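# Per-entry structural report
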Amino acid sequence: MARVFNFSAGPAMLPEPVLKKAAEEMLDYKGSGMSVMEMSHRSKPFEEIIKGAEATLREIMGIPDNYYVLFLQGGASLQFAMVPLNLFNNSKKADYVNTGTWSKKAISEAKKYGTVNVVASSENQKFAEIPALDPAMFSKDADYFHITTNNTIEGTVFKDLPATGTVPLVADMSSNILSEAVDVSKFGLIYAGAQKNIGPAGVTVVIVRKDLVGKALPITPTLLDYKIHAENESLYNTPPCYAVYIAKLVFEWVKSEGGVKAIAERNLMKANMLYKAIDGSKLYKAPVTNPKFRSIMNVPFALPTEELDEKFLGEAKKVGLTTLKGHRSVGGCRASIYNAMPVEGVKKLVEFMKDFEAKNKV
Ligand SMILES: *Cc1c(COP(=O)(O)O)cnc(C)c1O
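Every chain is numbered independently, its residues counted from 1 as its sequence is written. For a predicted model such as this one, the threshold for reporting local features is a pLDDT of at least 70, and the threshold for listing and counting side-chain atom pairs is 80 or more; totals across whole chains, interfaces and linings nevertheless cover every residue. Each side-chain value is derived from all of the structure's non-hydrogen atoms; neither hydrogens nor water enter the calculation.

As a further point, take the domain arrangement of the chain. An automatic or database domain assignment supplies the residue ranges for each domain. By the assigned domains, the chain splits into domain 1 (17–256) and domain 2 (260–359). If you average the C-alpha positions of domain 1 and of domain 2, the two centres end up 27 Å apart. In this assembly, 24 residues from domain 1 lie in contact with 23 residues from domain 2. Salt bridge, as used here: a side-chain nitrogen of Lys or Arg that lies within 4 Å of a carboxyl oxygen of Asp or Glu. Applying the counting rule to domain 1 against domain 2 returns one salt bridge. Any two residues whose heavy atoms approach within 4.5 Å at even a single point are treated as in contact.

Encoded structure:
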């Protein structure tokens, strides 16, 4: 069996021990005589799976009791609508920071339900930085303030959170949840599609402060009301059972690796190794030049010409370094190095980059 180092931005690599465990339990989950895929979501074993997933996530993220943890569907993209539908409960105004493709989508969706104030944007800088935030620009009466903590496509990250005072901070953490410790109590709501750092596509995690739930706009479809899911412990309708099961195994893996803090140290080491290789070369250039804004999850870089990008990608693939192509909107290359990417994968990539540069002098 030849597994590759898969640098995909998502769906992304899963930890090998998780895949092995899932394989072992595939035909007969803990003596039930069936796969988790074939099991009623109202059965005892599945109840233990979803409760266990929540308990372990609460533990590894230090989620306080005054927050709900919900396992939903529709991806992070559905949260672009669910957030305004549920949180536009007073002024129907929200502040957004425009830091990339995903922020833009969140902004255009929220505009359907209320007033969106874009307090800052780095679009004119091609999203290669996080814009400076001036609290004087913030709406005092906003129902919430939205950021995309890690910009998956552009490779930037918020290192400092905006000081929003009593206005709830809402974060799309799809591509950096569980990559480093966060103080959940600083947020009103955190959401993340699973397919980057949590598990397979199909489940979306929402962590929401309890007092923000129960005030959805009257037009909100039942299935998009956080309250319905909170009251029914994410079992109002059939959840994506198998995705929740794998997410539980991933949370347990994070814990067994020493928790989020230990994983964060490893992530930082991996990212430093890669940025050092890029900065120390004449062939590769990172569009995000300021180290302060560099993501440790998604590392975009480009070679001097599209032809060289193509050659690089083709040769990398031959040695088992795959899915390094940049997002179609920005081109170039991108290495996504989520929690499950082993250190050896990044080492192998860095060695390959040096080799390739030696053979392709510019
Ligand atoms: C991948 C991603 C999304 C979209 O997620 P879906 O689950 O495909 O809807 C949204 N925001 C960010 C930051 C992402 O990385």
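There is more to say, and it comes next.
The next subject is the pattern of salt bridges. On inspection of all chains with the given rule, the structure shows 18 salt bridges. We note a salt bridge from Lys51 to Glu233, for which the minimum N-O separation is 3.6 Å. With Lys51 in helix α2 (residues 44–61) and Glu233 in the loop between α5 (226–231) and α6 (241–256), this residue pair connects regions lying 182 residues apart in the sequence. Arg266 is paired through a salt bridge with Glu257; the nearest N and O atoms lie 2.8 Å apart. Three exposure classes are used, based on accessible area relative to the maximum for each residue type with a 1.4 Å probe and protein chains only: buried under 20%, partly exposed in between, and exposed over 50%. For Arg266, a relative accessible area of 24% corresponds to the partly exposed category. Classification of Glu257 as partly exposed rests on a relative accessible area of 30%. Counting from the N terminus, the helices are DSSP H or I runs at least four residues long and the strands are E runs at least two residues long.

In this model, the chain carries a mean pLDDT of 97, and residues with pLDDT of at least 70 account for 100%. Taken element by element, the predicted model of the chain shows its lowest mean pLDDT in helix α8 (residues 306–318) (97) and its highest in strand β9 (residues 189–193) (99). Values of pLDDT, ranging from 0 to 100, describe the predictor's confidence in every residue of the model.

Checked against the element boundaries, Glu25 lands in the loop between α1 (16–24) and α2. In contact with Glu25, other than residues within four places in its own chain, are Lys30 and Tyr245.

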